[in-house]
Amino acid sequence: MKTFVSRLTMLFGALALAFVACEKAPVEEQKPDPQPEVELTITSGTQVVVASEGGEVVITYTLSGESGTLPEASCEAEWISDIAVAEGTITLNVAANEYEESRQAWVKIAFNSKEQGVEILQEPYVKQEPPLPTEYEYTMATAERDAKVADPEFSIVFASEDGTTRLIAHFVEAAGNWLLEGSEYSSQSDTIDLAKTMFKNESGVVKLTDAVATVSYIGTDDFPPSTRIYTFSITLTDTDGIKHIVTYTGEVTNIYQGPTGPEAFTPAKVVAVKSMIGNFFLQLYIDGARYHELDLLDETAPNDKYLSEGVYKFSDNNIGHTNSTYNIEGDQTCALEDAEITLSHTEEGVTTISGFIKSVAGHHITFEWTGVVEGFDFSKEQEVPIDPNATIVEVTAAEVNYDKAGEKQILFTAGGLQHQFNFKHSDIAAVKPIPDGTYSSDEGTMSLSYCIHDLNGAYEKMSSASVVIVNKSDNTTRFVATWVCGGETYAFDWTGAVKGYTYEDVSGQKLDFKPTYVEVSDAGVVGLYFYFYDARENELVLNYDRNKVYMPYINYDGTSIDIDTSDYTFEYADNGDGTYTYNARFVTLDGRIIEFTGALPTTVS
């Protein structure tokens, strides 16, 4: 019992002590932890590079905590404006830089008493060159058809008013013999011949790869049309892909206008060209140029000297159909619809020709002419006396040894001997036979040459010479020659074809000369010498100085032929790759035509 009370007393004592202890140590009030300071971080970097054109710039940032305020941004540079601050972004506008130097400025960003900077670096202004145009336009002032180009092709020459721009457009199969028809033409369809088409502007000759043309023709229905207005739109493409657009509106010179009805025609002369026995081309000339040509067939008394008297009719087929032409202004032609002419001759060889000609295009002329027809031969064989005391030489052949306008050498062969005669006369033409007549050393129409008496080359010079020449209609020539050599008189009477002569009329024919390479020699003050060679080693030589051609000739098939210096086209351009581009047209003194164009390998020395 006593023990129990002691334990209880001890328990209450402990409790009392505990109570007293709690009362002496009261619990203190706890304070909240302090918050960290909010920090600003620029996330878009401290430098912004802006193009010279300027524009809007956005600066991005983040805050390390929540904040009731936004940063402040400013810049002192006048070329930065419209600064706006939003949550997470700062935007501003940068003006365009008009200076050829870069510039910089600083955007100050302040937050919580701290300041940061972002550099704005703007690139300098770079002056831009305007892009080169890909198209050029040219308005032409004149247009003229090249009358030397035969139907059905049309070569039209355009030129600008100042002459610096020039286009030769060559249309093929243009479907009209006197008027170029309105249509679409192109080099791709082979209706424009690009090899014969030439374009030149201020920079020189332009190399073309393509050509397209739209041609519109406005004309009245009457013939000839009272209005002939053309509109050309031609697009040329060069090797750089640049387009050159050429336009022209107006008339085209030399495109045939034509008469309106029957009109009287007076030929200046009439020329007969033999085709075969009994067949002559009768050519009517005006102003020195061939104007009309008729193909006449003699069925009365066919011969190789002249056409018989009588009436020749288109309807009777003794005026040819397919070969007859009605020539207008040079080489422009159109076929016959009807024709009839009457021929009569006098004993003196004077011919009267009268009749009419109609073409399928509606042209109609009448004419009457009296005169000596060139090419008709009414003469009898000429009797030429030979000195009975002369030693007769049996000539077997003759050939031209030297040939140029005004002078010709002919070498006559007689067995093992040769006799050379030099003829000089203003009427002597290159390649053609020497005209009929008597030539002598006394009259100055011959210069004395030599006789070769054996194959070892021994020769003696002539002391006098005289030769009668008669050209015959069968393409042979008769020579009756008398000369004195070593005190002896010699003679021969020989008829034959002279090697080197061109008996037929070759006027207008094209010479088969297509050069494959060229040599050019710089002769200093006298200009350039051009040597053109073809695959057969024919050689064309010319001196070119100050846009003129001097002393041109061609060595063709072993014969030297002079070239006319008054009628030619010669243009060339250096391509820079060892070739030159040539556009050339020449006419030999006997009327043959040499034409070539294109790039040729060229050696310049």
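Residues numbered from 1 in each chain as written. Predicted model: local features only at pLDDT ≥ 70, side-chain atom pairs only at ≥ 80, totals over all residues. Heavy atoms only, no water.

## Section: the overall build of the protein chain
To keep things clear, this is the line we draw: Each helix is a run of DSSP H or I of at least 4 residues and each strand a run of E of at least 2, with the numbering of both proceeding from the N terminus. Burial status follows relative accessibility: with a 1.4 Å probe on protein chains alone, a residue under 20% of its type maximum counts as buried, one over 50% as exposed, and anything between as partly exposed. Note on contacts: a residue pair qualifies if any of its non-hydrogen atoms lie within 4.5 Å across the two residues. Reported accessibility uses the Shrake-Rupley method at a 1.4 Å probe radius. Residues are deemed covered only where the shown protein chains occlude them.
In terms of helices and strands, the protein chain carries one helix and 45 strands. Per-residue burial over the protein chain gives 40% buried out of 605 residues. Considering only contacts in the protein chain between residues 6 or more positions apart, those separated by 24 or more positions represent 49%. Taken as a whole, the protein chain presents about 33300 Å² of accessible surface, with 50% of it coming from carbon and sulfur.

## Overview of the pairing of strand β10 (residues 142-145)
What counts here: For two strands to be treated as a pair, DSSP must find no fewer than two bridges joining them.
Where burial is concerned, the two faces of β10 differ: the one with Ala143 and Arg145 is buried and the one with Thr142 and Glu144 is not. Taken together, the four bridges between β10 and strand β11 (residues 154-159) define a ladder with antiparallel strand orientation. When the bridges of β11 are listed, Ala143 appears paired with Phe158.

## Let's talk about the side chain of Asn538
As for its position among the elements, Asn538 is in the loop between β40 (528-533) and β41 (539-545). Among the residues examined, Asn538 registers a relative accessible area of 3% and is labelled buried. Every residue in contact with Asn538, bar those within four places of it in the chain, is listed here: Phe513, Phe532, Tyr533, Asn555, Tyr556 and Asp557.

## Quick look at the pairing of β40
The sheet contact formed by strand β39 (residues 517-522) and β40 spans six bridges and is antiparallel. Its bridge partner being in β40, Val520 is matched across the sheet by Phe530. Hairpin remark: β39 followed by β40, antiparallel, with five residues in the connecting loop; positive phi at Gly524, about 70°. Two successive antiparallel strands, β40 and β41, enclose a turn made up of five residues, where Glu537 displays a positive phi of approximately 65°.

## Thoughts on the sheet that holds strand β2 (residues 47-50)
The condition that has to hold: Lines are fitted to the C-alpha atoms to define the axes, a helix being fitted only along its stretch in contact, and any angle between axes, read from their N-to-C directions, falls within 0 to 180 degrees.
Read across the sheet, four strands follow the order β2-β8-β7-β4 without closing on themselves; strand pairing throughout is mixed. Edge positions in the sheet fall to β2 and β4 (72-74), since each of these pairs with one other strand and no more. With strand direction ignored, the average angle separating the axes of adjacent strands in the sheet is 20°. Alignment of β4 against strand β7 (residues 103-111), held across three bridges, turns out to be antiparallel. Bridged to Glu72 within β7 is Ala110.

## Observations regarding the sheet that holds strand β28 (residues 364-371)
The sheet built from five strands is open, its strands ordered β19-β28-β27-β26-β23 with mixed pairing. Both edges of this open sheet fall to β19 (263-265) and β23 (310-313), since each of them pairs with a single strand only. Geometrically, the sheet is characterised by an average inter-axis angle of 15° between neighbouring strands, direction not taken into account. Pairing between strand β27 (residues 351-359) and β28: eight bridges, direction antiparallel. Paired with Gly355 across the bridge in β28 is Phe367.

## So, the side chain of Asp590
Under the convention used in this document: Two N or O atoms form a polar contact when they lie within 3.5 Å of each other; inside protein one atom must be a possible hydrogen donor and the other a possible acceptor, and for residues adjacent in sequence the pair counts only when both atoms belong to side chains.
If you trace the backbone, Asp590 turns up in the loop between β44 (579-588) and β45 (593-604). We classify Asp590 as buried; its relative accessible area is 8%. Only 2.3 Å separates the side chain of Asp590 from the side chain of Thr588, close enough to count as a polar contact. Engagement of the side chain of Asp590 in a polar contact is seen with the side chain of Arg592, the distance being 2.8 Å.

## Re the pattern of salt bridges
Let me state the cut-off plainly: By definition, a salt bridge exists where a carboxyl oxygen of Asp or Glu is found within 4 Å of a side-chain nitrogen of Lys or Arg.
For the coordinates displayed, the defined rule picks out eleven salt bridges. Lys114 serves as the salt-bridge partner of Glu39, at 3.1 Å between the closest nitrogen and oxygen. Here Glu39, found in the loop between α1 (2-24) and β1 (40-42), pairs with Lys114, found in strand β8 (residues 114-122); they are 75 residues apart in sequence, far enough to count as distant. A relative accessible area of 33% places Glu39 in the partly exposed class. Overall, the relative accessible area of 42% leaves Lys114 in the partly exposed class. Between Lys510 and Glu595 there is a salt bridge, with its nearest N and O atoms 3.0 Å apart.

## A few points about the environment of Val360
Relative to the helices and strands, Val360 is located in the loop between β27 and β28. Considered as a pair, Val360 and Asp338 are 22 residues apart in the sequence and their alpha carbons are 8.2 Å apart. When residues no more than four places from it in sequence are discounted, the contact partners of Val360 are Ala335, Leu336 and Glu337.

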